[in-house]
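# Observations on the three-dimensional arrangement
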Amino acid sequence: MILVVGGTGRLGNQVVRALRDQGKDVRALVRKGSEYFWLNDTGTNYFFGDLRDPQSLHRALRDCESVISSAAVRVEQTDNNHKTMAQGHESLWEAAKARGVKRAVFVSCAGVPVGGEVPAFSSKRASEEALVSSGIPYTIFRPGLFAPNFADLLRRADFNGSVFLPGRLDAKVSPIHPRDVADIIAAALESGDGANETIELAGPDTLTVDAAWKVACEEAGLQPAFWNMSPAGLKMAAAALRPIVRRWANHFQALGVNFGQDQVIDGVGVAGRFGVTLTPYRQAVKAAWLDRHPGEDPVAREEKVVHRQFVATIYEPGTIRYEDLPEGPPPRQD
Ligand SMILES: NC(=O)c1ccc[n+]([C@@H]2O[C@H](COP(=O)([O-])OP(=O)(O)OC[C@H]3O[C@@H](n4cnc5c(N)ncnc54)[C@H](OP(=O)(O)O)[C@@H]3O)[C@@H](O)[C@H]2O)c1
């Protein structure tokens, strides 16, 4: 059994799918409010827990030989933030050690070596260090930017009329398809390759932020207005926001790191080592633009929200009749 933490996320759901495609037994640690049901078609098991609840982690890891975490917070909340993420991962590795887990994989990010004390990166560095010192055989993956980030920016521009491109427009990036990251993780776990290594990952094409944006616009057939907020502008915005909303200040600082410098990594060589052929950026960003998460589609929501109790108690409490709700997945026979 493999425990996946963060399985409801953009990368995590691909990790669950990649492992299930290999025929692995997967248990996804999901938070009570999570939209875990989008994973129903994968046949993964669910375990309700939270990185902030060490006991739930210990229980979730029962009979697991491996654990993978791609959990993160994008914009912090008062009670779920970069600090609690670092503490939560420390608890996860402690629980994994106590349970005799044989391999732990942590998804960090390429910005860690240059991120200094910016919380998004110092938190990841602390999680990495806790894993290494736990003594559990580990692999830390540090991917660069995900290709769907550019589709996200485009969506924002399409919705608001314009968007700001953060950082340096001439910074070199090699955006990677999250499914490729997931396939590399699954291959590493399967083969045992990458044990006790920290490995950077990137897509096959290196281009400037400006060029990556233009390719995304071409693939979507849009020409939205954009303006650039330079690294200096991001720094000033972060300083101005810090006394009022710290989480946005931290977010702007993180953007400054992710989009502020060249990220040149030999993605092809690393992927080849794990037998994975990387998706060209143009194809990856087009897929990200077209393949919207079904959660954004009201019809798909209707079809996918199959847990009767979930609909009845979370979405429309007191108004939906249980017998009118769609059938859930069949109960397990084993
Ligand atoms: N996006 C990029 O360009 C990029 C680039 C390099 C590296 N990375 C890294 O790759 C990893 C995955 O990114 P992503 O885009 O897939 O993230 P994401 O979509 O934001 O997913 C985050 C996941 O973490 C879970 N989570 C949040 N708080 C939790 C808690 N307290 N306990 C347990 N689970 C919790 C979320 O669950 P809920 O569904 O309950 O919220 C979700 O499943 C992150 O570490 C990220 O930093 C991202």
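Here goes a summary of the coordinates provided.

The next thing to look at is the overall build of the protein chain. Secondary structure assignment for the protein chain yields 13 helices and 11 strands. Split into buried and exposed, the 334 residues of the protein chain put 44% on the buried side. Considering only contacts within the protein chain whose residues lie at least 6 apart along the sequence, 76% involve residues at least 24 apart.

This part takes up the nonpolar core. Within the largest apolar cluster, 91 residues are counted, with the highest numbers of intra-cluster contacts made by Val4, Ala104, Ile185, Ala216 and Val285. Examining the composition of this core, we find that 7 residues originate from one element, helix H6 (residues 178-191), more than from any other. Setting aside residues up to four positions removed in sequence, Ala216 forms contacts with Phe150, Ala151, Leu154, Val285 and Trp289.

Another point: the sheet that holds strand S6 (residues 138-143). Each strand in a sheet pairs with another by means of backbone hydrogen bonds, the pair being arranged parallel or else antiparallel. With respect to topology, 7 strands assemble into an open sheet ordered S3-S2-S1-S4-S5-S6-S9, the strand pairing being parallel. The open sheet has two free edges, formed respectively by strand S3 (45-48) and strand S9 (197-201), since each of these has just one partner strand. Going across the sheet, the axis of each strand differs from the next one's by a mean of 20°, ignoring polarity. As judged from the 4 bridges shared by strand S2 (residues 26-30) and S3, these two strands associate in the parallel manner. Bridge assignment links Leu29 to a residue of S3, and that residue is Phe47.

Contacts to the ligand come from 25 residues, most closely from Thr8, Gly9, Leu11, Ala72 and Cys109. The class makeup of the residues in the shell around the ligand is 11 nonpolar, 9 polar and 5 charged.

Here helix H1 (residues 10-21) spans 17 Å end to end across 12 residues, near enough to the 16 Å set by a 1.5 Å rise per residue. The buried count for H1 comes to 9 of 12 residues, which makes it a mostly enclosed element. Where H1 is concerned, the buried positions are Leu11, Gly12, Asn13, Gln14, Val15, Val16, Arg17, Ala18 and Leu19. Looking at the buried residues of H1, the elements they touch are strand S1 (2-5), S2, strand S4 (66-69), strand S5 (103-107) and H6.

The next point concerns unusual backbone geometry. Within the chain, Asp63 stands out as a residue other than glycine whose phi angle is a positive 60°. Examined against the element boundaries, Asp63 turns out to sit in the loop between helix H2 (54-60) and S4. The phi torsion at Asn196 lies on the positive side, around 60°, for a residue other than glycine. On the neighbour-count criterion, Asn196 (10 C-beta atoms within 10 Å) is exposed.

Counting buried residues in S2 gives 5 out of 5 residues, a clear majority hidden from the surface. Side chains Val26, Ala28 and Val30 of S2 all project onto a buried face; the interleaved residues Arg27 and Leu29 project onto the opposite face, where all are buried too. When S1 meets S2, the two strands line up parallel, connected through 4 bridges. Considered in S2, the bridge of Val5 is made with Leu29. As for the winding sense of the linkage, the β-α-β connection from S1 through H1 to S2 is right-handed.

An ideal rise of 1.5 Å per residue puts 20 Å on 14 residues; H6 measures up with 20 Å between its terminal C-alpha atoms. Across the 14 residues that make up H6, a large majority, 10, are buried. All buried positions along H6 are accounted for by Pro178, Asp180, Val181, Ala182, Asp183, Ile184, Ile185, Ala186, Ala188 and Leu189. Two residues or fewer after H6 comes Gly192, characterised by a positive phi angle close to 85°.

Next up on the list: the pairing of S4. Burial along S4 is two-sided: the residues Ser66 and Ile68 and Val67 and Ser69 are all buried. As judged from the 4 bridges shared by S1 and S4, these two strands associate in the parallel manner. Within the sheet, the bridge partner assigned to Ile2 lies in S4 and is Ser66. Pairing between S4 and S5: 4 bridges, direction parallel. Paired with Ser69 across the strands is Phe106, a residue of S5. Each parallel crossover has a hand, and for S4 linked through helix H3 (residues 82-98) to S5 it is right-handed.

This part covers the packing of helix H5 (residues 148-160) against helix H11 (residues 281-290). Where H5 contacts H11, the two axes come as close as 8 Å, and the packing angle between them is 45°. Looking at the two axes, H5 sits oblique to H11. Relative to H11, the crossing made by H5 is right-handed. Contact residues: H5 offers Pro148, Phe150, Ala151 and Leu154, while H11 offers Val285, Ala288 and Trp289. Considered class by class, the residues forming the contact of H5 with H11 number 7 nonpolar, no polar and no charged.

All right, on to the packing of helix H7 (residues 209-220) against H11 then. Between H7 and H11, the shortest axis-to-axis distance is 9 Å and the interhelical angle comes to 55°. One way to sum up the angle between H7 and H11 is to call them oblique. Once H7 is placed against H11, the crossing between them reads as right-handed. Across the interface between the two elements, Ala212, Val215, Ala216, Glu219 and Ala220 of H7 pack against Tyr281, Arg282, Val285, Lys286 and Trp289 of H11. Class assignment for the residues of the contact of H7 with H11 results in 7 nonpolar, no polar and 3 charged.

Conventions used here
- Residues numbered from 1 in each chain as written.
- Predicted model: local features only at pLDDT ≥ 70, side-chain atom pairs only at ≥ 80, totals over all residues.
- Helix = DSSP H or I, 4+ residues; strand = E, 2+ residues; numbered from the N terminus.
- Buried ≥ 20, exposed ≤ 12 C-beta atoms within 10 Å, placed from the backbone.
- Contact = placed C-beta atoms within 7 Å.
- Core = buried A, V, L, I, M, F, W, Y, C linked by C-beta atoms within 7 Å.
- Pairing = 2+ DSSP bridges.
- Axes fitted to C-alpha atoms, helices over the stretch in contact; angles between N-to-C directions.
- Near = placed C-beta within 6 Å.
- Nonpolar A, V, L, I, M, F, W, Y, C, P; charged D, E, K, R; others polar.
- Expected span 1.5 Å × (residues − 1).
- Right-handed = clockwise from strand over helix to strand, strands pointing away.
- Parallel < 35°, antiparallel > 145°, perpendicular 65-115°, else oblique.
- Left-handed = near helix turned anticlockwise from the far one by under 90°.

Taken by themselves, the reported measurements are silent on function.
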